[in-house]
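Fold and contact review
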Amino acid sequence: MGDPGPLGKFGDYGGRFVPESLVGACREVEEAFREAWSDPQFRGSLATLLSVHVGRPTPLTPAWRLSAELGINLLLKREDLTHTGSHKINNALGQALLAARMGRTRLLAETGAGQHGVATATAAALLGLKATVFIGERDAQRQALNVFRMRVLGAEVVEVTTGSRTLKDATSEAMRQWVGALEDAYYCVGSVVGPYPYPWMVRELQRVIGEEARGQCAGELSTGVPDYVVACVGGGSNAAGTFAGFVDTGAQLIGVEADGGAGASRGRLGVLHGFRSLFLQDDDGQITEAESIAAGLDYPGVGPEHAYLRDLGRARYVTVTDTEVVDAALRLARTEGILPALESAHAVAWVIRAAEAGELPPGATVLLTLSGRGDKDTTTLMELL
């Protein structure tokens, strides 16, 4: 998982498929990030903020009771314990610092589950920037708590009423707004999607998850690395960051998608939101709507690097159903006292299913990135239980 080079390509995927008006803006972001990422002062400032503001490093928590029930050794990388409650803050802070370095005064962002919106609003408030967050109307209803949090933090929240009124449409609207505000606005993309350099840049900013976990596993496990590394995948930023720490090891990498939003598992080659990857499409090549109980996984495609890892056979992508997800969230809550975000519960659901079906060997060591906490999903769970 290295540098995709000047074309931003991961095999046949990635690239920069944007209107001419955005080509220069994307190149400017790429040049600024390359310069910043090689600047010890920038890296040091980010590391300090991740420590004193976010609370890194996040712990590696043994899931003792659930492990005993499943006959495996399950370790949880606790991104749910970061300030704002998810991995999204790692990326948002890095991009906000970059925006300030570039002289931009306003952040634009899309959000589905609301966690990237909250993280962007948080980073903007911390650095004295303005923020506008686009969220689909349907997601805004499901994630009312996070919408309120964004507004309390000072962000303008725009509810998108077109299309499916979910993450795809919020992303489209954010990109449209960026075209008309290039002089003062910076588009803070929330996942490993979008035109180059965003998939690579976001992965690099989330790499901290995998690198921390690699070091923690080295200290905890006699083998040094786990047998399996598991994370949920929508666009795929928490998985990309986690996998980056283990791609050069013998660990099996497993990305878990929503059954109704499985870009890596069921997608076909296409272009959306400025990049080429695997997307859910009909026979005419039109993008079809994704469906998931988790708003953050309600996206019809997957980041280009995930598509490439799938083709290489280095990572495997699987799906779980909404019912399995709810059951997994409850089981983790009742065995470990941890209520995960429904996005993260996808990864938990696959581990439970695989262990109980014998797909995971008895005694296998599994590292699972718990990408977010479940406070935001309590309304959804209350309606179901």
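As a reminder, the structure under discussion sits directly above these lines.
For the structure given in this document, a descriptive report is provided here. Here the structure is a predicted model, which means the values were calculated and not measured.

Of the regular secondary structure elements, the protein holds 15 helices and 14 strands. By the compact-globule yardstick of 21 Å for 385 residues, the protein fits well, its C-alpha radius of gyration being 19 Å. In the protein, which comprises 385 residues, the proportion classed as buried is 62%. Look at the contacts in the protein between residues 6 or more apart in sequence, and 75% of them connect residues 24 or more apart. With the model as given, the accessible surface of the protein reaches about 13900 Å², and the carbon-plus-sulfur share is 51%.

The contact between helix α1 (residues 20-37) and helix α9 (residues 198-220) brings their axes to 11 Å, and the two run at 25°. Taken as axis vectors, α1 and α9 run roughly parallel relative to one another. Of the two elements, α1 crosses α9, and the hand of that crossing is left-handed. Two secondary-structure elements touch here, α1 through V29, F33, R34 and W37 and α9 through Y198, W200, M201, E204 and L205. Tallied by class, residues from the contact of α1 with α9 come to seven nonpolar, no polar and two charged.

Our focus in this paragraph is helix α5 (residues 115-127). Its 13 residues place the ends of α5 18 Å apart at the C-alpha level, agreeing with the 18 Å of an ideal helix rising 1.5 Å per residue. Among the 13 residues that make up α5, ten are buried, leaving the element largely enclosed by the rest of the structure. Those residues of α5 that sit buried are Q115, H116, G117, V118, A119, T120, A121, T122, A123 and A124. In this fold, the buried residues of α5 make contact with α2 (40-54), α4 (88-101), β5 (106-111), β6 (130-136) and α7 (144-152).

To continue, consider the pattern of salt bridges. Applying the stated criterion across every chain yields a total of 32 salt bridges. Of the charged contacts in the structure, one is a salt bridge between D39 and R101, with a shortest N-O distance of 3.0 Å. Of this pair, D39 sits in the loop between α1 and α2 while R101 is found in helix α4, placing the two residues 62 residues apart along the sequence. With a relative accessible area of 35%, R101 lands in the partly exposed category.

This next bit is on the nonpolar core. Looking at soluble globular proteins, one finds that nonpolar side chains tend to be buried together. Counting 62 residues, the largest nonpolar core has L93, L98, W178, Y186, Y187, Y198 and M201 as its most contacted members. With eight residues, α1 is the single largest residue contributor to this core. Residues in contact with Y186, not counting those within four places in the same chain, are V29, Q95, L98, A99, M102, R104, R106, L107, L108, W178, Y198 and M201. V326, A328, A345 and V366 belong to the second-largest nonpolar core, a separate cluster that totals 40 residues.

Spatially, the six strands line up as an open sheet ordered β3-β4-β14-β9-β10-β13, and their pairing is mixed. Edge positions in the sheet fall to β3 (60-62) and β13 (315-320), since each of these pairs with one other strand and no more. Adjacent strand axes in the sheet meet at a mean angle of 25°, parallel and antiparallel pairs treated alike. Of the strands in this sheet, β3, β4 (73-78) and β14 (365-370) are in contact with α9, which crosses β4 at around 140°.

This part takes up the environment of L129. Topologically, L129 is positioned in the loop between α5 and β6. On the basis of relative accessible area, L129 is assigned to the buried category, the value being 15%. Placed 29 residues apart in sequence, L129 and A100 show a C-alpha to C-alpha distance of 8.0 Å.

Our next topic: the packing of helix α13 (residues 322-336) against helix α14 (residues 342-356). At a closest axis distance of 8 Å, the pairing of α13 and α14 adopts a crossing angle of 90°. In this view, α13 runs roughly perpendicular relative to α14, as classed from their interaxial angle. Only L342, A345, H346, V348, A349, I352, R353 and E356 of α14 make contact with α13, whose side of the interface consists of E324, V325, A328, A329, R331 and L332.

A few words on the side chain of T380. Here T380 shows up in helix α15 (residues 378-384). Apart from the residues lying within four places of it in its own chain, the contact partners of T380 are R142, I293 and L342.

Tracing the sequence through the fold places S292 in the loop between β12 (275-279) and α12 (304-312). Ignoring any residue separated from it by four or fewer positions in sequence, one finds S292 in contact with R142, A258, L297, D298, D322 and H346.

All right, on to the pairing of strand β11 (residues 268-272) then. Of the pairings in the sheet, the one linking β11 to β12 comprises five bridges and is antiparallel in character. Residue pairing for β12: R268 is matched across the bridge by F279. In this structure, the hairpin formed by β11 and β12 is closed by a connection of two residues, where H273 is found at a positive phi of approximately 50°.

When you tally the buried positions in β5, you get five out of six residues, the bulk of the element. Direction of pairing for β5 relative to β6: parallel, over a ladder of six bridges. Note on β6: the bridge partner recorded for R106 is K130. Relative to strand β8 (residues 185-187), β5 runs parallel, the two being bridged by three bridges. Note on β8: the bridge partner recorded for L108 is Y187.

Cut-offs used in this document
Residues numbered from 1 in each chain as written. Predicted model: local features only at pLDDT ≥ 70, side-chain atom pairs only at ≥ 80, totals over all residues. Heavy atoms only, no water. Helix = DSSP H or I, 4+ residues; strand = E, 2+ residues; numbered from the N terminus. Rg over C-alpha atoms; globule rule 2.2 N^0.38 Å. Buried < 20%, exposed > 50% of the residue type's maximum accessible area, 1.4 Å probe, protein only. Contact = heavy atoms within 4.5 Å. Areas by Shrake-Rupley, 256 points an atom, 1.4 Å probe, with all protein chains shown as cover. Axes fitted to C-alpha atoms, helices over the stretch in contact; angles between N-to-C directions. Parallel < 35°, antiparallel > 145°, perpendicular 65-115°, else oblique. Left-handed = near helix turned anticlockwise from the far one by under 90°. Nonpolar A, V, L, I, M, F, W, Y, C, P; charged D, E, K, R; others polar. Expected span 1.5 Å × (residues − 1). Salt bridge = Lys/Arg side-chain N within 4 Å of Asp/Glu carboxyl O. Core = buried A, V, L, I, M, F, W, Y, C linked by side-chain atoms within 4.5 Å. Pairing = 2+ DSSP bridges.

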